[in-house]
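This is what each chain is made of:
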Amino acid sequence: MKEFEYLKPDSIKKTISILSQFGEKAQILNGGTDLIVEMRDKIIQPEYLVDIKAIPQLNRITYNKQDGLNIGATVTLNEISNSKVVQTHYPILVKACKTVGSYQVRNRATLAGNICNASPAADTAPPLLVLEAKVNIIGPTGEKIVPINQFFTGVKKNILKKGEIVTSITIPPIKGKWVGVYLKQGRKKEVDLATVGVAVVCIRDEVRIALGAVAPVPVRAFKTEELLKGKTIDESLLEKAGRSALTEVSPISDVRSSQEYREEIIKVLVRRAILQAKGGHIL
Amino acid sequence: MLKYVGQSALRVDGVRKVTGFSRYTDDLKLSGMLYARIKKSPYPHAKILKIDTSKAEKLPGVKVVITGKDVPIRVGLYLEDKTFLAIDKVRFIGEPVAAVAAESEEIAEEAVSLIEVDYKKLSAVFSPLEGIKPDAPLIHEDLGSYKHASIILPQSGTNISNHYKIRKGNTEEGFKEADFVFENEFYVPHIQHSAIENHCAIAQVDPEGKITVWAGCQSPYTVRRTLATAFNIQLNKIRVISPAIGGGFGGKAGTTLEGIVIPLAQKANYRPVKLSFSREDVFTNTFIRQGMHARIKTGVTKSGRIVAEENKFYWDGGAYTEYGVNIARAGGYASTGPYDIPNVKADSICVYTNHPAGGPYRGFGMSEIHFAIEQNLDIVAHKIKMDPLEFRRKNALKDGGRTVTGQVLENVGFVECLDKTAKDIEWDKRVKKVSATKYRGKGIAGMYKAPSMPNNVGSSAIVKINEDGTVNLLVTAMDLGQGSDTALTQIAAEVLTIPISQISIITGDTDCTPYEWQTVASRTIYCCGNSIKRAAEDAKNQMLKLASLKFGIPENDLELKDGQIISKNYPDKKVKIADLAMGLTMPDGSGIHGPIIGRGAFIPPDVKDTDKETGQGDKPVAFWTFGVQAAEVEVDIETGEVKVLKVAAAYDAGKAINPELVCAQIEGGIVQGLGSALLEEMKIEEGKVLNPSFVDYKIPAIGDAPEMKISIVEVPEPTGPWGARGIAEPCMVPTAPAIANAVFDAIGCRINSLPITAEKVLKAIKEKKK
Amino acid sequence: MKHKIRFTINGEVKEIEVQPNKTLLKMLREDLDLIGVKEGCGAGECGACTVLVNNKPVNSCLMLAVEVDGKEILTIEGLSDGINLDPLQESFLKHNAIQCGYCTPGMVMSAKALLNRNSHPKEEDVKEALAGNLCRCTGYKRIVDAVLDAVKKGGGK
């Protein structure tokens, strides 16, 4: 690992000023589970590493009925999984967090880190997309709120500009009864990257669908959602939904899976996730 | 009555390991240590035009830079085809062309990046089927001049480094006799051992030129011999010490890093040099399992008797096959699996390719050939509408049966293993469809394996009796995790009739512990065990002689019992081992004999070469180990995922010296076999390994382990200690074909290549539907 | 530039200077000679380097040494007092849940963390907690048995 300077600001203000000053030369250190490996492999070689874990207000989970759930940038995936409010109100998020890496990794990795890393296969991205999460960003020009589906801009790329950091992620409240499902296909059941990830949320007659690892960025399948809206779910509609979802993504072949297999799995998981969210069984 | 042998003693190395106290090579820190890195080839096949090391040499902190010209002597275990650093040409991506020793790893790494190498690319070979073509690019132009063992038959002017032939009976006649003839093809990819400890070696040269090497290695003496050849040094001037070994599985059986650290250390002004491989290095720069293409033609009668078989195995040996050539030989002399077939023609051919070097991997070719043999058998059974278990029973090798080399076998426990396994997996019961998308199936597979080694290689042991009657047991069989330290101690305890806690086993130092060829081939309990038994008996006999003098009672009226020599007739005539340990003190105060040191040596009896043209021979191997596994799987027909629910296994261990450790070995073998069955494949494109890390090369984790039911069968091997045979490698051999057969049972699709990924299964299901 | 950091390691307060680009794993092994902590992949995939930081298991290869300033670390060396083994260690011994021993320290530390947070884990909990600890030798069955038996013996206090 190349040498760098380690900085540990204790406020957001200081962080922004450091990031603004050093620009590309600086990199935020949060959980570090991707960053440190990339630095070891010399894929990235920052000159300044800015550890944001000493900033007290970033390490909170808050919840209320009006604003929903707010998860600070440095809250780890295990803290989310173990949080009573998240378990009660957003079990889909718990499920997704638990599929990321190993228990050890989840003790370090964060939700903000998972999305900032912007891997197309990020497990927490599809659930955040269907939950219509908002990313809270602060930068030199002030605060802004970006809907999650505008946050990802390409493979390993996000919308953040020089000097900006994600401070938290907000999941707005969902009125009435709803069910969320996250299904993941990997080469193995545990500690693996998704070859396809599908999140579905059913809110009354509305179905929201998002997919991971099948396009340069995690995506919402809006057309497919439109197709399902208000309709009674039956086997033929489910099949249509699977085929429709395929048209909204662009899976590739890589060392983890072929394009053809990803396409098959997208259809299966979309079908299964909708069915499960609607209270049916996966056979 | 046995007191220690056959007991499940706790591991003698357990406390050291569970406290993290065990020292592995990378844990050693010597004063003045330098750190090494290697410069690797970016091309699979290329001529080296020029190497410029001047910039690296000038970097502050760099102490030594070497290239191929510093290690010019070719070495190899069975075929001397490699140098430790490439000379003139590179043959795989990652091959070391230069090495650096520096004050820190970071400096060494930077120095390596400053070495400039000019190459001229050559056309390359990426499959053995390409490599055997007459117009294929030659990977080793000088193959004809390489030294090799007499049992290996390289073909000059080709890429074939060994061709083992079996010509038993008359296959032409046999196929005429057959009612049906079937042909099938199978493929097994390269995989990697993935021991959790990465490879590491340290070397230091003292002012008298004596070299000490520390390396976690399975074979300190063989490493010493190879290094002595490579550096033209007397054996007494080189000392190989193996600290604790964090898993081997064959991956630490050869000599690799040691040959790079020595030339660095020779120029390092007596400072020690350490080379630690990263996980990524291990994937490309240590042994990998050879790939293999198999073609099997089977002639069978209506009644289910296999009358002829023609087998072709093409091994993807990689860039260097110094060790792999013998895997092809093993594949040849075991070519039909554990079945008695009168007419056999087999060709097992080791081919050079521009892949990383193939080498020994738990099973030594048996996992690969049995994947083909045992699936083929299942296919044939189904075609002739016979139960696969019954078909196996019918053709199984039994007492008096003949192997493919014509060897007549006795004491065969194979059918017993088949029966036991079938019972444990409840072969007769089937729940096929669990839900609309989940199908279950059961599959069974047998195996046999013999230690593949030169006929005349030996083992030795020293039993030193201490003044207080405790014992230091010295051997160079290495405990890689399999538990040999414990079982070997039990063998000494049994003969010496003293508790295990009174024996300390010391291993792995060629200056101190006695000769052992290698810890490979599942030969340790048998070979080293026999030598220990003899050493302990030697010590015992010396003490009996002294006691006989002491009491004036003939030796055969005395016995060693519970740590003392006692008269069979006069129980009050007894003397403790401690009182004879330093010799016998006579009534007049004088002493005789001196300290008791027992020595024992062993070479497997009567093992002889086979005929070069027919492969026939009465006893080509020391012994055969038979085993069977059966698996139950559940297949998701929409995703193609295979989950292994249960595996039952039975092995004929002859005599389990430590039954719990035997079971532990089998469990570990099953899960390693499951990895090769479902997950593991080195994805190599144009010679480049695309998945050299655990991110994309997945090995089984805790959730992948199935329910396991293990049985030990004990049909004694007459030449083994108390009848014991080796079982370490056989444990993973039948897992993959058992799973493949279970997948077929579940969904009616054959997956003829490993690994059986969800993707392949789903594709097969879709094709079947068409 | 080196950073001065202060932390508790196996019950003892330490103050040392480290380069920021040094991982916790390297600091433990190279500077503190705690070589029971093993490196198997350097990328957070194998779990051999697992230690507890503030009672939570982490891959020490994925953490910088400077990040443990003010924290409490437990490694395998701190688990037994040199005379008595931890009940988990006893249980690993008894069940032959060890072969080559290289994954064992990380495996034991992950299990220790589990028992610290859950005094009555079920088999699924054990599997979840140890999913990130690769073992190539044992086939895992005995490891599960060892942890569950340690729970029974009161190891999960």
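Values in this document were obtained by computation on a predicted structure and should not be read as measured data. (Residues numbered from 1 in each chain as written. Chains lettered and ligands numbered in written order. Predicted model: local features only at pLDDT ≥ 70, side-chain atom pairs only at ≥ 80, totals over all residues. Heavy atoms only, no water.)

A.B. asks: Is there a simple way to explain the overall build of chain C in this structure?
C.D. replies: Secondary structure assignment for chain C yields five helices and five strands. Reading the secondary structure of chain C in the N-to-C direction produces β-β-α-β-β-β-α-α-α-α. Relative to a compact globule of 157 residues, whose C-alpha radius of gyration would be 15 Å, chain C shows 15 Å and is just as compact. Structurally, chain C occupies a C-alpha span of about 50 × 30 × 25 Å along its principal axes. The buried share among the 157 residues of chain C stands at 66%. (Helix = DSSP H or I, 4+ residues; strand = E, 2+ residues; numbered from the N terminus. Rg over C-alpha atoms; globule rule 2.2 N^0.38 Å. Buried < 20%, exposed > 50% of the residue type's maximum accessible area, 1.4 Å probe, protein only.)

A.B. asks: Sorry, what's going on with the sheet that holds strand β11 (residues 178-185) of chain A here?
C.D. replies: Residue and element names in this part refer to chain A. Judged by pairing direction, the sheet is antiparallel, and its four strands sit side by side in the order β11-β12-β13-β14 without closing on themselves. Lying at the two open borders of the sheet, with one neighbouring strand each, are β11 and β14 (219-220). Of the pairings in the sheet, the one linking β11 to strand β12 (residues 196-203) comprises eight bridges and is antiparallel in character. Bridge assignment links G180 to a residue of β12, and that residue is V201. Relative to the sheet, helix α5 (residues 91-98) contacts β11 and β12, its axis offset from that of β11 by approximately 15 degrees. Most of the contacts of helix α12 (residues 259-277) go to β11, to which it runs at about 155 degrees, and overall it touches β11, β12 and β13 (206-212). (Pairing = 2+ DSSP bridges. Contact = heavy atoms within 4.5 Å. Axes fitted to C-alpha atoms, helices over the stretch in contact; angles between N-to-C directions.)

A.B. asks: Looking at this structure, I do not really get the interface of chain C and chain B. What am I missing?
C.D. replies: Accessible area lost during the coming together of the parts is what is often quoted as the interface size. Every contact between the two is made by 43 residues of chain C and, on the other side, 51 residues of chain B. Taken together, the links from chain C to chain B amount to 10 salt bridges. Here K38(C) makes a salt bridge to D27(B), at a shortest N to O gap of 2.5 Å. If you look at where chain C meets chain B, you find 24 residue pairs in polar contact (both at pLDDT 80 or more). Breaking the side of chain C that touches chain B down by element, the ones donating at least two residues are α1 (24-31), α2 (87-94), α3 (104-117) and α5 (141-152) of chain C. For the side of chain C that touches chain B, the per-class residue count stands at 21 nonpolar, 10 polar and 12 charged. (Salt bridge = Lys/Arg side-chain N within 4 Å of Asp/Glu carboxyl O. Polar contact = N/O pair within 3.5 Å; in protein donor to acceptor, adjacent residues only side chain to side chain. Nonpolar A, V, L, I, M, F, W, Y, C, P; charged D, E, K, R; others polar.)

A.B. asks: What is the right way to look at the interface of chain C and chain A in this model?
C.D. replies: On the side of chain A, 27 residues touch chain C, which itself brings 29 residues to the contact. A buried area of about 2300 Å², summed over both sides, lies between chain C and chain A, and 55% of it is on carbon and sulfur atoms. If you sort the residues of chain C by the area they bury against chain A, N21(C), L62(C) and E67(C) come out on top, with a joint share of 25%. Applying the counting rule to chain C against chain A returns 11 residue pairs in polar contact (both at pLDDT 80 or more). The dominant element in the side of chain C that touches chain A, judged by the number of residues it contributes, is strand β4 (residues 56-59) of chain C, at four residues. Its residues placed into classes, the side of chain C that touches chain A shows 12 nonpolar, 12 polar and five charged. (Buried area = accessible area lost by both parts, 1.4 Å probe.)

A.B. asks: Would you mind showing me how to read the confidence of the model for chain C here?
C.D. replies: For residues with low pLDDT, the predicted coordinates do not support detailed interpretation. In this model, chain C carries an average pLDDT of 96, and 98% of its residues clear a pLDDT of 70 or more. With pTM at 0.98, the complex prediction returns an ipTM value of 0.98. (pLDDT = per-residue confidence, 0-100.)

A.B. asks: Teacher, can you tell me more about the packing of α2(C) against α5(C) here?
C.D. replies: When two helices pack together, their arrangement is given by the angle between the helix axes and the distance between those axes. Residue and element names in this part refer to chain C. Two elements in contact, α2 and α5, have axes whose closest approach is 8 Å; the angle formed by their N-to-C orientations is 140 degrees. With respect to their mutual orientation, α2 and α5 come out oblique. Viewed along their axes, α2 and α5 form a crossing whose handedness is right-handed. Of α5, the residues touching α2 (which contributes P87, L88, S91, F92 and K94) are I143, A146, V147, D149 and A150. Of the residues in the contact of α2 with α5, the class split is seven nonpolar, one polar and two charged. (Parallel < 35°, antiparallel > 145°, perpendicular 65-115°, else oblique. Left-handed = near helix turned anticlockwise from the far one by under 90°.)

A.B. asks: Any chance you could explain α3(C) here in plain terms?
C.D. replies: The α-helix winds at 3.6 residues per turn, so residues separated by three or four positions along the chain end up facing the same way. Residue and element names in this part refer to chain C. In this model α3 runs 20 Å from its N-terminal to its C-terminal C-alpha over 14 residues, within 8% of the 20 Å that 1.5 Å per residue would give. Burial analysis of α3 places 12 of its 14 residues in the buried class, which makes it a mostly covered element. Taken together, the buried positions of α3 are occupied by T104, P105, G106, M107, V108, M109, S110, A111, K112, A113, L114 and L115. (Expected span 1.5 Å × (residues − 1).)

A.B. asks: What is the right way to look at the packing of helix α11 (residues 235-247) of chain A against α12(A) in this model?
C.D. replies: All names here are of chain A. In the contact formed by α11 and α12, the axes pass within 8 Å of each other and the chain directions differ by 135 degrees. Classified by the angle between their axes, α11 and α12 sit oblique to one another. Here the hand of the crossing between α11 and α12 comes out right-handed. Mapping the contact onto sequence places E235, L238, A241, G242, R243, A245 and L246 in α11 and E263, I266, K267, V270, R271, I274 and L275 in α12. Within the contact of α11 with α12, the residues separate by chemical class into eight nonpolar, one polar and five charged.

A.B. asks: I keep staring at the packing of aromatic side chains and nothing clicks. Help me out?
C.D. replies: Two aromatic rings, taken as a pair, are described by how far apart their centres are and by the angle between their planes. Residues and elements named next belong to chain B. The final tally for this structure, using the stated rule, is 25 aromatic pairs over all chains. Residues Y339 and F414 carry aromatic rings whose centres are separated by 5.7 Å and whose planes lie at 75 degrees to one another, so their mutual orientation is edge-to-face. Linking Y339 in the loop between α9 (324-333) and β16 (343-352) with F414 in helix α12 (residues 414-424), this pair joins segments that are 75 residues apart in sequence. Grouping residues by exposure puts Y339 and F414 together as buried. An aromatic cluster of at least three residues, connected via ring pairs, comprises Y164, Y333, Y339, F414, Y448, W624 and F626. Across the ring face of W427, the terminal group of R430 is positioned such that the distance to the ring centre comes to 4.5 Å. Positioned over the ring face of F744 is R750, at 4.1 Å from the centre of the ring. (Phe/Tyr/Trp six-rings, centres within 6.5 Å; stacked < 30°, edge-to-face > 60°. Lys NZ or Arg CZ within 6 Å of the ring centre and 35° of its normal.)

A.B. asks: Mind showing me how you'd approach the pattern of salt bridges here?
C.D. replies: Applying the stated criterion to the full structure yields 87 salt bridges over all chains. In this structure, R106(A) engages E128(C) in a salt bridge whose closest nitrogen and oxygen atoms are separated by 3.4 Å. Here R106(A) is found in helix α6 (residues 103-106), whereas its partner E128(C) is found in helix α4 (residues 123-129) on a different chain. Connected through salt bridges with shared partners, the residues R187(A), D192(A), R256(A), D696(B), K698(B) and E45(C) form a single ionic network.

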